[in-house]
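Spelled out, the chains give:
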Amino acid sequence: MTLAWPVDWCPSAIHPALAHPAVLAILGVTSAVVVIRPIWNRIRPIPSVPFQVPLPEEAKPGWKGGAILPNPSIRDPAHPDQIICYDPSTGRHLATIRAHTKDDVHAALKRARQAQAKWAKTTFEQRKIVLQSLLDFILENQGSICRVASRDTGKTMIDGKFGEILVTCERIRWTLAHGEDALKDECRDPGLLMFYKEAKVEYRPMGVVAALVSWNYPFHNTFGPLITALFAGNGILIKASEQAAWSTTTYFAKIAQTCLAACGHDPELVQFLVGFQECGEAVVTSGVDGITFIGSPQVGVTIATTAAANLTPCVLELGGKDVAVVNKDVDLNAVAPVLMRGVFQNCGQNCIGIERIIVHEDVHDRLVEMLSDRIKQLKQGPPLEIENIDCGSLTMAGRTKGLEDMVQEAVRQGAKLVHGGKGFVHPQFPQGQFFTPTLLTQLKSHMTIAQEESFAPIMAIFKFSTLDEAISIANSTRYALGSNVFSRNQKEGLYIMNNLRAGMSNLNDFGASYLCQSLPFGGVGMSGYGRFAGPEGLRAVCHQKSVTRDRWPSLIQTFLPPVLQYPMNNVGDAIVVTRDLVNIVYNGWFNRVKAVVEIVKVIALGGNEREQL
């Protein structure tokens, strides 16, 4: 059958009135603006302002200066107001820095508030220029940033590339591409009752927020909150860990402030603080408008309790005891390298590092054998002194004894120590803070090493026979941050993942949820609350303001009929009117029509309903 359409109905036919060249030109330009402009806004290059920050002498290749401290420690009892900075992989002294005090905190907050008053008025375009300039600097100075982080924490350069550079660049990229959309006014449904109103949510900067960040990734942990705070229009106080005081003050702070100044903004918008307990407490009680804390549950509880006195909102990321569940159907040759990176990245000093591996009994022994062979070949040492190092040092001093005790306790309770389990004294650098890469098997959930965050290069392997047993082991700790499941059987993998108590889950991968900066980062339980990264992270440093306004101000505005106006002449009629108003909006069609008739009757003629007391 052939269908014949009249010319008037043919979609390709153009009405003669629209065929005029001038009309076609106007339509073409309009269409181009509607279609091309949004695309151009996405792909157009963002201006960048170049700037330079000199690399500290101690991070330059070949530096061998700095006396090796006999007993490295960040504190000197004779000088409690000073921070002793040293390379934890060698014990080389880097600098002695004055610890900031309560007075320093209050002065910093005052400076940041003055700068933020101007910054809050900047456009998203101006803020994007700052972030693009920062991104370009990072790309040009990747090696320098990693060397500074390595010198201060003992991490390897490759760990720096992953944990300091890659994730920070991705945070900036996502913010540049999607941050403005996340913070745009968001229209909401006003409902039938308020049909003549426009309803929206506005995201306004909090003011000056604070970030108290951990030492394990001193560059990323500093710049992650900074990127979010600045793009949302805030100023920020960054209280860095005393363990990373040297890298923060000599290089990272200068990057942020030089970038702002180069882009024509007040560098006082970001304030960097390093100090001990007094400094951290002063930040929390200073009157900042919001707090992000990355650290231990013990300190997190104290911060939340203290912040509650001022009703200061908090985002708390308090560590984890993350799992990797390995099902029986996996390709062990593909999974083993991912598990090695998940456990030994940054010498195990990762909040989302894999601290427990739960393996199906059918592949348990083979996987243990493969991992054992790899672990025994890992090379330890100072990454800026010796080539080809796999694992650098622990950052914090004095942790070896506690880790050894935890391993030995597990062995006494039935665990098998396959390799390691003790501190490592490097023959060339005996003052380095090293712990031997360790493999433990035959572990049970009740053991301390299965419950407490080790934050060290320790691989702990459990065995399971059923999926529900694996889930039970995984959910047996108070922590609930990240989780990872490896399974070729998608149905079984999703079953495990969907039953894990965790803030984040990855199927057939490790850490992917953090590399996707569009996703919120955070946990539940003792792993904390609140989220950073993604739209949720940007909005977490904003006040959410609900706004309504007239949709047609010259036509319709809110009007109260006389029967509802104070003072009311007849409360009974007022009750009838409000009842009928509810029925008009929410009750069935029959009741709605009935309510309209009644409400018109009362308003027009007066119902003289008696009030029931």
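Bear in mind that the values here come from a model prediction, so they are computed numbers and not experimental data.

Visitor: Can you walk me through the sheet that holds strand E9 (residues 314–317) in this structure?
Guide: Taken together, 6 strands build an open sheet; the order of strands is E7-E6-E5-E8-E9-E21 and the sheet is mixed. Strands with a single pairing partner mark the edges of an open sheet, and in this sheet they are strand E7 (270–274) and strand E21 (528–529). Examined bridge by bridge, strand E5 (residues 208–212) and strand E8 (residues 290–294) share 4 bridges and lie parallel to one another. Opposite Ala-210, over in E8, you have Ile-291 as the bridge partner.

Visitor: Is there a simple way to think about the packing of aromatic side chains in this case?
Guide: Here a ring pair, both rings aromatic, is described through the centre-centre distance and the interplanar angle of the planes. In the structure shown here, the tally under the stated rule is 11 aromatic pairs. When the centroid spacing of 5.6 Å and the interplanar angle of 80 degrees are considered together, the rings of Phe-195 and Tyr-196 count as edge-to-face. With relative accessibility at 43%, the residue Phe-195 sits in the partly exposed group. A relative accessible area of 10% places Tyr-196 in the buried class. In this structure an aromatic cluster arises from ring pairing among Phe-219, Phe-223, Tyr-251 and Phe-252. In this arrangement the basic side chain of Arg-592 is found over the ring face of Trp-589, its NZ or CZ atom lying 4.6 Å from the centre.

Visitor: Got a minute to help me understand the UniProt feature "domain: Aldehyde dehydrogenase" (unreviewed entry) in the protein in this structure?
Guide: Mapped onto this numbering, the UniProt entry annotates "domain: Aldehyde dehydrogenase" (unreviewed entry) at residues 81–547. A helix fraction of 43% and a strand fraction of 20% characterise residues 81–547, whose end C-alpha atoms lie 49 Å from each other.

Visitor: Any chance you could explain helix H2 (residues 102–119) here in plain terms?
Guide: In an α-helix, one turn spans 3.6 residues; hence positions three or four apart end up facing the same way. Taking 1.5 Å of rise per residue, 18 residues should cover 26 Å, and H2 covers 25 Å from first to last C-alpha, within 8% of that figure. Of the positions making up H2, those classed as buried are Asp-104, Val-105, Ala-108, Leu-109, Ala-112, Ala-115, Gln-116 and Trp-119. Each buried residue of H2 sits inside an arc of 140 degrees when the element is viewed along its axis, so together they form one side. Exposed side chains of H2 directed beyond 90 degrees from the buried face belong to Asp-103, Lys-110, Gln-114 and Lys-118.

Visitor: Looking at this structure, I do not really get the pairing of strand E6 (residues 235–240). What am I missing?
Guide: Summarising burial for E6: 6 of the 6 residues are buried, a large majority. The alternating pattern of E6 places Gly-235, Leu-237 and Lys-239 on one face and Ile-236, Ile-238 and Ala-240 on the opposite face, and all of these are buried. In the sheet, E5 pairs with E6 via 5 bridges, with the strands oriented parallel. Its bridge partner being in E6, Val-208 is matched across the sheet by Gly-235.

Visitor: Would you take a moment to explain the packing of helix H5 (residues 157–183) against helix H6 (residues 218–231) for this structure?
Guide: Two packed helices can be described by the angle between their axes and the distance between those axes. Put simply, H5 and H6 touch, their axes get as near as 10 Å, and they point 10 degrees apart. Relative to H6, the element H5 is oriented roughly parallel. Here Gly-163, Glu-164, Val-167, Thr-168, Arg-171, Ile-172, Thr-175, Gly-179, Glu-180 and Leu-183 of H5 lie close against H6, whose contacting residues are Pro-218, Phe-219, His-220, Phe-223, Gly-224, Pro-225, Ile-227, Thr-228 and Phe-231. Residues that form the contact of H5 with H6 fall into these classes: 9 nonpolar, 7 polar and 3 charged.

Visitor: Help me understand the sheet that holds strand E18 (residues 483–486), please; the structure alone is not making it clear to me.
Guide: What links the strands of a sheet is backbone hydrogen bonding, and the strands pair in either a parallel or an antiparallel sense. One open sheet holds the 7 strands; their spatial order is E12-E15-E16-E11-E10-E18-E19, and the pairing between them is mixed. Of all strands in the sheet, those bounded by a partner on one side alone are strand E12 (416–419) and strand E19 (506–507). One ladder, built from 3 bridges, connects E12 with strand E15 (residues 438–441); its direction is antiparallel. Across the sheet, residue His-419 finds its bridge partner in E15, namely Leu-439. Here helix H10 (residues 332–344) sits on the sheet in contact with strand E10 (323–326), strand E11 (356–360), E15, strand E16 (458–464) and E18, set at roughly 130 degrees to E16.

Visitor: Explain the pattern of salt bridges here, please?
Guide: This model, assessed by the stated rule, comprises 30 salt bridges. The closest approach of N and O atoms between Lys-155 and Glu-164, which form a salt bridge, is 3.1 Å. A relative accessible area of 2% places Lys-155 in the buried class. When salt bridges with common partners are traced through the structure, they connect Lys-64, Asp-87, Arg-92, Arg-151 and Glu-385 into a single cluster.

Visitor: Please clarify how the UniProt feature "active site" (unreviewed entry) in the protein should be interpreted in this entry.
Guide: With numbering matched to this structure, UniProt assigns "active site" (unreviewed entry) to Glu-317. Structurally, Glu-317 can be placed in strand E9. Ignoring any residue separated from it by four or fewer positions in sequence, one finds Glu-317 in contact with Phe-293, Ile-294, Gly-295, Cys-351, Leu-481, Phe-521, Ser-527 and Phe-532.

Visitor: Would you mind going over the packing of helix H14 (residues 467–474) against helix H15 (residues 490–498) with me for this structure?
Guide: Viewed as axis vectors pointing N to C, H14 and H15 meet at an angle of 30 degrees, and their least axial separation amounts to 9 Å. Classed by the angle they form, the pair H14 and H15 counts as roughly parallel. Judged by the sense of rotation from one axis to the other, the crossing of H14 with H15 is right-handed. Contact residues: Leu-467, Asp-468 and Ile-471 in H14; Glu-492, Tyr-495 and Ile-496 in H15.

Visitor: What am I meant to see in the side chain of Asn-350 here?
Guide: Along the chain, Asn-350 turns up in the loop between H10 and E11. In this structure the side chain of Asn-350 is engaged in a polar contact, spanning 2.4 Å, whose partner is the side chain of Tyr-217. In contact with Asn-350, not counting residues within four places along its chain, are Asn-216, Tyr-217, Gln-345, Glu-453 and Phe-455.

Visitor: When you look at the pairing of strand E4 (residues 197–205) in this model, what are you seeing that I'm missing?
Guide: Where a strand is regular, its side chains alternate between the two sheet faces. One ladder, built from 3 bridges, connects strand E3 (residues 186–188) with E4; its direction is antiparallel. Looking at the pairing, Cys-187 lines up with Lys-200 of E4. Here 9 bridges tie E4 to strand E22 (residues 542–550), and the two strands are oriented antiparallel to one another. Across the sheet, Val-201 pairs through a bridge with Ser-546, a residue of E22.

About the criteria used
Residues numbered from 1 in each chain as written. Predicted model: local features only at pLDDT ≥ 70, side-chain atom pairs only at ≥ 80, totals over all residues. Heavy atoms only, no water. Pairing = 2+ DSSP bridges. Helix = DSSP H or I, 4+ residues; strand = E, 2+ residues; numbered from the N terminus. Phe/Tyr/Trp six-rings, centres within 6.5 Å; stacked < 30°, edge-to-face > 60°. Buried < 20%, exposed > 50% of the residue type's maximum accessible area, 1.4 Å probe, protein only. Lys NZ or Arg CZ within 6 Å of the ring centre and 35° of its normal. UniProt positions renumbered as here; feature names shortened; annotations may be inferred. Expected span 1.5 Å × (residues − 1). Arc of directions from axis to C-beta. Axes fitted to C-alpha atoms, helices over the stretch in contact; angles between N-to-C directions. Parallel < 35°, antiparallel > 145°, perpendicular 65-115°, else oblique. Contact = heavy atoms within 4.5 Å. Nonpolar A, V, L, I, M, F, W, Y, C, P; charged D, E, K, R; others polar. Salt bridge = Lys/Arg side-chain N within 4 Å of Asp/Glu carboxyl O. Left-handed = near helix turned anticlockwise from the far one by under 90°. Polar contact = N/O pair within 3.5 Å; in protein donor to acceptor, adjacent residues only side chain to side chain.

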